[in-house]
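Inside the fold
Letter by letter, the chains look like this.
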Amino acid sequence: MKQEIIIAGFGGQGVLSMGKILAYSGLMEGKEVSWMPSYGPEQRGGTANVTVILSDDPISSPILNEFDIAIILNQPSLEKFESKVKPGGILIYDGYGIHSEICRTDITVYRIDAMDTATEMKNERAFNMLILGGLLKIVPMVQLENVLLGLKKSLPERHHKLIPMNEVAIKKGMEIIQPV
């Protein structure tokens, strides 16, 4: 098994954190892992993306030109990465951040209304965990218990009290993702 994933959106959406949690989860399962963030000088509001590779075999390079899965959280990221999803791959997008149609017909497309759901939950910070839950529903590449361990590893100890809320958000994301 090998999954090459790009997660892309605005800074502040939890893009890098989502990638880090996914990477830690893979490590907990004994997988080979690569986590490579990319972001502009803006800490919040600028564009950010992270490439995550999870593999049963050694990873030759963390630099990719195509992806098995693209998680797209804003319009600029759609314009940049839609064409880089491998034929037969998966594109997951948040309905709040995308304003144009997905043009590709050779990939499977899913919509998750994570921003709207996070607002309904009165917890906008759960946005990225809703997205992660949707991804894991479609491609269960790591087990939920390892995601929770990854959360514990990546969150500062003072935020460990938030892990149960994040688990609820992950499970809710699994419920709300829909094929397009």
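Reading guide: rules and limits
- Residues numbered from 1 in each chain as written.
- Predicted model: local features only at pLDDT ≥ 70, side-chain atom pairs only at ≥ 80, totals over all residues.
- Heavy atoms only, no water.
- Buried < 20%, exposed > 50% of the residue type's maximum accessible area, 1.4 Å probe, protein only.
- Helix = DSSP H or I, 4+ residues; strand = E, 2+ residues; numbered from the N terminus.
- Pairing = 2+ DSSP bridges.
- Right-handed = clockwise from strand over helix to strand, strands pointing away.
- Phe/Tyr/Trp six-rings, centres within 6.5 Å; stacked < 30°, edge-to-face > 60°.
- Contact = heavy atoms within 4.5 Å.
- Axes fitted to C-alpha atoms, helices over the stretch in contact; angles between N-to-C directions.
- Polar contact = N/O pair within 3.5 Å; in protein donor to acceptor, adjacent residues only side chain to side chain.
- Parallel < 35°, antiparallel > 145°, perpendicular 65-115°, else oblique.
- Left-handed = near helix turned anticlockwise from the far one by under 90°.

1. What to know about the pairing of strand β4 (residues 67-72)
Within a regular strand, the side chains alternate between the two sheet faces. In terms of residue burial, β4 counts as a mostly covered element, since 6 of its 6 residues are buried. Sheet topology note: the strand β1 (residues 2-10)/β4 ladder contains 4 bridges and is parallel. Paired with Ile 7 across the two strands is Ile 71, which belongs to β4. The pairing of β4 with strand β5 (residues 85-94) spans 5 bridges and is classified as parallel. In the strand pairing of β5, Ala 70 is matched with Leu 91. The parallel pair β4 and β5 is bridged by helix α2 (residues 75-81), and the resulting crossover is right-handed.

2. A closer look at the packing of aromatic side chains
For the structure on display, the rule yields 1 aromatic pair. Ring geometry for Phe 67 and Phe 81: centres 6.2 Å apart, planes at 80°, overall edge-to-face. Here Phe 67 is found in strand β4, whereas its partner Phe 81 is found in helix α2, with 14 residues between them in sequence. Taking the relative accessible area as the measure of exposure, Phe 81 reaches 6% and is therefore buried.

3. Notes on the sheet that holds β1
Read from one edge of the open sheet, 7 strands run β2-β3-β1-β4-β5-β6-β7, paired in mixed fashion. With partners counted over all chains shown, the strands left at the sheet margins are β2 (32-39) and β7 (178-179), one partner each. Helix α1 (residues 15-28) contacts β1, β2 and β3 (47-55) of the sheet and is inclined by roughly 10° relative to β3.

4. Thoughts on the side chain of Thr 117
Within the secondary structure layout, Thr 117 lies in helix α3 (residues 114-120). A distance of 2.8 Å separates the side chain of Thr 117 from the backbone oxygen of Asp 113, its partner in a polar contact. If near-sequence neighbours (up to four positions away) are discounted, Thr 117 is found in contact with Leu 130, Lys 172 and Ile 176.

5. Some words on unusual backbone geometry
Even without being glycine, Lys 122 reaches a positive phi, approximately 55°. Along the chain, Lys 122 falls in the loop between α3 and α4 (127-138).

6. Considerations on the side chain of Ser 34
Topologically, Ser 34 is positioned in strand β2. When neighbours within four sequence positions are excluded, Ser 34 is seen to be in contact with Thr 51, Val 52, Ile 53, Ile 59 and Pro 62.

7. Quick notes on the pairing of β3
With 8 of its 9 residues buried, β3 lies for the most part within the structure. Where β1 lies against β3, 9 bridges are found, and the strand directions are antiparallel. Within β3, the residue paired with Phe 10 across the bridge is Thr 47.

8. Describing the packing of helix α5 (residues 144-154) against helix α6 (residues 163-176)
With their axes 11 Å apart at the nearest point, α5 and α6 run at an angle of 140° to one another. On the basis of the axis angle, α5 is oblique to α6. Along this stretch, α5 crosses α6, giving a crossing that reads as right-handed. Counted together, Leu 144, Val 147, Leu 148, Leu 151 and Lys 152 of α5 and Ile 163, Asn 166, Glu 167, Ile 170 and Lys 171 of α6 form the full contact between these two elements.

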